[in-house]
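Below, each chain spelled out in residue letters.
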Amino acid sequence: MDDSPTQQAQQGLSYTDNLIGTLLAIFGSVIVSISLSVQKYSHVKLAGTKGQRTFNQTKTWWSGFVFICVGEGANFVSYAFAPIAVVAPLNAVSVLTSSILGFLFLREKYKANDFAKNHGLAFLGYVVIIGGTYLFVSFGPNSHEKLQAENIVKHIVGWPVLLYLLLEIIAFCLLLYFYKQRSANYLVIILLLVALLGSVTVITVKAVSGMLLFTLEGSMQLNYPIFSVMFVCMVASVIFQARFLSQACNLHDPSLAACVNYIFSTVSAVVAGAIFYLEFQNEDVLHICMFLLGSALCFLGVFLVTKHRKNAKIFEPYVTMDMANGVPTIHDNGLVVQPDFNGSFSYGALVNNDGVAPATLPVNLEQPAVTVRGTNAPLGQPNLKTE
């Protein structure tokens, strides 16, 4: 018991650091959500005007951009104070804030029954996220290591980290092979690539932010080669992670992609922190179980919130003009969304084809027959024959 005062002082310092890191992460997530809503409002407002201004010429969009920088800066600094296992799951706060802001900006009026039907799951998700956040923050790892360059190198050369990095590289190469060479554009494969890159991102972000904090405290860490290595890996992983995530949102439903990405990225980040920085080394079984329960509740809450955000795509009939025969065709079944430009001039297409010259119809076309996809004979054919 001789070192009891020292241990208590270290625990108190770790608790203070964790609290600072947690508050910074929550603040950053909220600010990023607000800034994205502000930028979206700028796009919507600009789309309703007749001017020729682009979005980056509006003060609203730039104010949102400034808020994004502030929020991401707070998230970056939070890794220097709190463990990865505490900071990474707090991305659920961003989902929660974005959903609440979207709900407030809808300005729709519902009756009590309609409100419960349309927003009941979302509000249940809010409660579950708040409860899960409280659990994993309260029972998360409380150990915090001052990340000097020597300590980071010591972590890297350990055999558990080397084995972990080797397995991660092999898994990433296999997934990338199936995605690029086999055209396996499945959501799970793309988001697993994002999660593997995300694990590298959180490791390098914590290392870089920790060394920067140590430098500000008076011990220069920027002249060590490990700082340059970690910084380059951080930038590269962030760029490719954003690229794969953008492809996932373009190929699949964005709400589903956000939910699955949060689960995969959080799991990979927690595992990376546990292996690389030994964040759960001094934790007992009860704290670990409660932390896992809180994380699982956040997963469920994010699923409920994003499930509410999914909107059913209602099919609307549309008309296309066949360039060869000049025959308008009414499509009343088949495709869910209108097709892109593929050689025929279409009305109401999703792609802006303002630069495409319209099709020239035959001059001697007197009464083109209107056909319906899925039928054999044109509508109103008997009426075309007159005595």
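Reading the values: the criteria
Counting starts from 1 at the beginning of each chain's written sequence and moves along it residue by residue. Two thresholds apply to this predicted model, a pLDDT of at least 70 for residue-level local features and 80 or more for giving and counting side-chain atom pairs, whereas whole-chain, interface and lining totals are computed over all residues. Only hydrogens and water are set aside when side-chain values are computed; all heavy atoms of the structure are taken into account. Secondary structure is summarised from DSSP: a helix means a run of H or I of at least four residues, a strand means a run of E of at least two, and numbering begins at the N terminus for each. Burial classes follow relative accessibility: with a 1.4 Å probe on protein chains only, a residue under 20% of its type's maximum area counts as buried, one over 50% as exposed, and anything between as partly exposed. Two residues qualify as a contact provided that any one of their heavy atoms is within 4.5 Å of a heavy atom in the partner residue. Under the convention used here, a 1.4 Å probe and the Shrake-Rupley method define accessible areas, while residue burial counts only the protein chains that appear. The pLDDT value expresses, per residue, how confident the predictor is, ranging between 0 and 100. As used here, the arc belongs to the directions running from the helix axis to the C-beta atoms. Two kinds of site are reported from a 1 Å grid over the protein atoms alone, namely cavities, where a 1.4 Å probe fits but cannot get out, and pockets, open sets with protein on both sides within 12 Å along at least five of seven lines, and residues are called lining when an atom falls within 4 Å of a point. Grid points are joined across faces, edges and corners, and a volume is the space filled by probe spheres set on the points. Side-chain classes follow a simple rule in which Ala, Val, Leu, Ile, Met, Phe, Trp, Tyr, Cys and Pro form the nonpolar group, Asp, Glu, Lys and Arg form the charged group, and the remainder, Gly included, forms the polar group. For Phe, Tyr and Trp, where Trp contributes only its six-membered ring, two rings pair if their centres lie within 6.5 Å, and the inter-plane angle classes them as stacked under 30 degrees, edge-to-face over 60, or tilted in between. Among buried residues, those of type Ala, Val, Leu, Ile, Met, Phe, Trp, Tyr and Cys that are joined through side-chain atoms within 4.5 Å constitute a nonpolar core. Axes, fitted as lines to C-alpha atoms, cover a helix only where it is in contact. Angles between the N-to-C directions of the axes lie from 0 to 180 degrees. Put simply, angles under 35 degrees are roughly parallel, angles over 145 are roughly antiparallel, angles from 65 to 115 are roughly perpendicular, and the rest are oblique. Whether a crossing is left-handed or right-handed is set by the direction in which the near helix is turned from the far one by less than a right angle, anticlockwise for left-handed and clockwise for right-handed. Polar contact is defined as a pair of N or O atoms within 3.5 Å, subject to the rule that within protein one atom must be able to donate a hydrogen and the other to accept it, and that residues adjacent in sequence are counted only when both atoms are side-chain atoms.

Colleague: Give me the lowdown on the overall build of the protein chain, citing residues and values where you can.
Modeller: A count of helical and extended segments in the protein chain gives 11 helices and four strands. Within the protein chain, the proportion of its 387 residues that are buried is 37%. Partitioning the intrachain contacts of the protein chain with sequence separation of at least 6 by distance along the chain shows that 75% fall at a separation of at least 24. Split by element, the accessible area of the protein chain, about 23,000 Å² in all, is 65% carbon and sulfur.

Colleague: Go over unusual backbone geometry, please, and point to the residues and values.
Modeller: For residues that are not glycine, phi is negative in most cases, and the peptide bond is trans in most cases. Of note, Ser183 is a non-glycine position whose phi angle comes to about 55 degrees, a positive value. The residue Ser183 is located in the loop between helix 7 (159–180) and helix 8 (187–216) in this model. Looking at Ser183, the relative accessible area reads 52%, which means it is exposed. Although it is not a glycine, Leu278 adopts a positive phi angle of roughly 55 degrees.

Colleague: Give a detailed account of the confidence of the model for the protein chain, specifying residues and quantitative values.
Modeller: With 70% of its residues at a pLDDT of 70 or more, the protein chain has an overall mean of 78. Per-element confidence in the protein chain ranges from a low mean pLDDT of 32 for strand 3 (residues 345–346) to a high of 95 for helix 7. Within the model, pLDDT remains below 50 along residues 311–387, and this stretch shows 78 contacts once partners closer than five positions in the same chain are excluded.

Colleague: Describe the environment of Gly28, naming the residues involved and giving the relevant values.
Modeller: Position of Gly28 among the secondary structure elements: in helix 1 (residues 4–47). Separated by 47 residues in the primary sequence, Gly28 and Asn75 have C-alpha atoms spaced 5.3 Å apart. Setting aside its immediate chain neighbours within four residues, Gly28 contacts Gly71, Ala74 and Asn75.

Colleague: Tell me about helix 6 (residues 149–156), and name the residues and values.
Modeller: One full turn of an α-helix is made of 3.6 residues, so residues set three or four places apart face in the same direction. Within helix 6, burial applies to Ala149, Asn151, Ile152 and His155. The buried residues of helix 6 occupy an angular sector of 160 degrees when projected down its axis, which confines them to one face. Packed against the buried residues of helix 6 are helix 7, helix 8, helix 9 (225–251) and helix 10 (254–276).

Colleague: Account for empty space enclosed by the protein, naming residues and giving values.
Modeller: Per the counting criterion, the structure on display carries one cavity of 30 Å³ or more. Size it by volume and the largest cavity reaches roughly 70 Å³. In terms of lining residues, the largest cavity is bounded by 11 residues, among which Ala80, Lys146, Leu147, Gly210 and Leu213 are the most central. Elements represented by at least two residues in the lining of the largest cavity include exactly helix 2 (59–81) and helix 8. Of the residues forming the lining of the largest cavity, the biggest block, four residues, is contributed by helix 8. Partitioning the lining of the largest cavity into residue classes produces five nonpolar, two polar and four charged.

Colleague: Account for the packing of aromatic side chains, naming residues and giving values.
Modeller: Two aromatic rings, taken as a pair, are described by how far apart their centres are and by the angle between their planes. What the rule picks out here adds up to 11 aromatic pairs. Measuring from centroid to centroid gives 5.0 Å for Trp61 and Trp62, while their planes differ by 90 degrees, and the two rings are edge-to-face. A relative accessible area of 13% means that Trp61 is categorised as buried. A relative accessible area of 42% means that Trp62 is categorised as partly exposed. Relative to Phe291, the ring of Phe136 has its centre 6.3 Å away and its plane inclined at 85 degrees; by these criteria the two rings are edge-to-face. Note that Phe136 is positioned in helix 5 (residues 112–139) and Phe291 in helix 11 (residues 285–309), a separation of 155 residues in sequence. The buried category is assigned to Phe136, whose relative accessible area is 0%. An aromatic cluster of three or more residues is present, and its members are Trp61, Trp62 and Phe65.

Colleague: Quick one: what's the story with the nonpolar core, residue by residue and with numbers?
Modeller: If you look at the biggest cluster of nonpolar residues, it comprises 44 residues, and the most contacted ones within it are Ile84, Ile152, Met211, Met230, Tyr277 and Val302. Other than its neighbours up to four places away in sequence, Ile84 contacts Tyr79, Pro89, Val202, Ile203, Lys206, Ala269, Gly273, Tyr277 and Glu279. Listed in part, the 16 residues of the second largest apolar core include Leu175, Leu191, Ala248 and Ala257.

Colleague: Which residues make up the environment of Val87, and what values do they have?
Modeller: By the element assignment, Val87 lies in helix 3 (residues 84–87). Linking Val87 and Gly21, residues 66 residues apart in sequence, is a C-alpha distance of 7.4 Å. Residues contacting Val87, with those up to four places away along its chain left out, are Ala25, Ser78, Tyr79 and Ala82.

Colleague: Describe the packing of helix 8 against helix 9, with residues and values.
Modeller: Helix 9 packs onto helix 8 with a crossing angle of 150 degrees between their chain directions and a minimal axis gap of 8 Å. Here helix 8 lies roughly antiparallel to helix 9, going by the angle between them. The handedness of the crossing between helix 8 and helix 9 is left-handed. For the contact of helix 8 with helix 9, the per-class residue count stands at 24 nonpolar, five polar and no charged.

Colleague: How would you explain the side chain of Gln39 if you had to name every residue and give the values?
Modeller: By secondary structure assignment, the location of Gln39 is in helix 1. A distance of 3.5 Å separates the side chain of Gln39 from the backbone oxygen of Trp61, its partner in a polar contact. Setting aside its immediate chain neighbours within four residues, Gln39 contacts Trp61, Gly64, Phe65 and Ile68.

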